[in-house]
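Structural overview
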Amino acid sequence: MIKIVRQDKRSVYMTFDRVGNDKLISAFEAVLNGQSQELDISFDLSVINMKKANLQLKSVTIVIDNSIKCSVFYNSDNGIIWAIDEEDVDYALFAFIDCKENGCFFPAEFIRLQMAKNKNVDDMYCELVDSASDAE
């Protein structure tokens, strides 16, 4: 399970269980090896459009884009694209592996995001949750 939701105007939260953490590790390893990677994620569209929305299961494709200053989520015909620079991909892989080894994501602050509909930069936070609680 992986969920990405907007917490408020300046913060986005990604929660995941141990299976989701393993999927994130595999995805970021593949992205570092030059492949785009697709994950099914419970995604709150308010992350992108800043309007109240509900969680929907979406296909999110992670791609490296070194021309951007901050990571970004955007809609495409085939789902959601998560464009992230190589330095953040490398950091993400390290952070998710560390989370697997230590049982928590620390520190909770992950990366910065810039959405087209938001002139401010968002902070993304991550948390490993017990799958029994379903990250609610």
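For the structure itself, consult the block above.
Note that the structure is a prediction, hence the values are computed from the model and not measured. (Residues numbered from 1 in each chain as written. Predicted model: local features only at pLDDT ≥ 70, side-chain atom pairs only at ≥ 80, totals over all residues. Heavy atoms only, no water.)

1. Quick look at the pairing of strand 6 (residues 79-84)
Across the 6 residues that make up strand 6, a large majority, 6, are buried. In the sheet, strand 4 (residues 55-64) pairs with strand 6 via 5 bridges, with the strands oriented parallel. Paired with Thr61 across the two strands is Ile81, which belongs to strand 6. When strand 5 (residues 72-76) meets strand 6, the two strands line up antiparallel, connected through 5 bridges. In the sheet register, Ser76 faces strand 6, and the bridge partner there is Gly79. The hairpin formed by strand 5 and strand 6 contains 2 residues between the paired strands. (Buried < 20%, exposed > 50% of the residue type's maximum accessible area, 1.4 Å probe, protein only. Helix = DSSP H or I, 4+ residues; strand = E, 2+ residues; numbered from the N terminus. Pairing = 2+ DSSP bridges.)

2. Brief notes about the pairing of strand 3 (residues 37-44)
Where strand 1 (residues 2-8) meets strand 3, 2 bridges bridge the pair, whose relative direction is parallel. Its bridge partner being in strand 3, Lys3 is matched across the sheet by Ser42.

3. A closer look at the side chain of Asp44
Tracing the backbone shows Asp44 in strand 3. Here Asp44 is buried and forms no salt bridge, its nearest opposite-charge partner Arg6 lying at an N-O distance of 6.9 Å. At a separation of 3.5 Å, a polar atom in the side chain of Asp44 contacts the main-chain amide nitrogen of Arg6. Sequence-distant contacts of Asp44, defined by excluding residues within four places in its chain, comprise Ile4, Val5, Arg6, Ala53, Asn54 and Leu55. (Lys, Arg positive; Asp, Glu negative; His and termini not counted. Salt bridge = Lys/Arg side-chain N within 4 Å of Asp/Glu carboxyl O. Polar contact = N/O pair within 3.5 Å; in protein donor to acceptor, adjacent residues only side chain to side chain. Contact = heavy atoms within 4.5 Å.)

4. Thoughts on the pattern of salt bridges
Counted according to the given criterion, the structure contains 3 salt bridges. Asp122 is the salt-bridge partner of Arg6, the closest N and O atoms lying 2.8 Å from each other. With Arg6 in strand 1 and Asp122 in strand 8 (residues 121-128), this residue pair connects regions lying 116 residues apart in the sequence. Summarising the burial analysis for this pair, Arg6 and Asp122 share the class buried. Taking the shortest distance from any N to any O, the salt bridge between Asp22 and Lys100 comes out at 3.0 Å.

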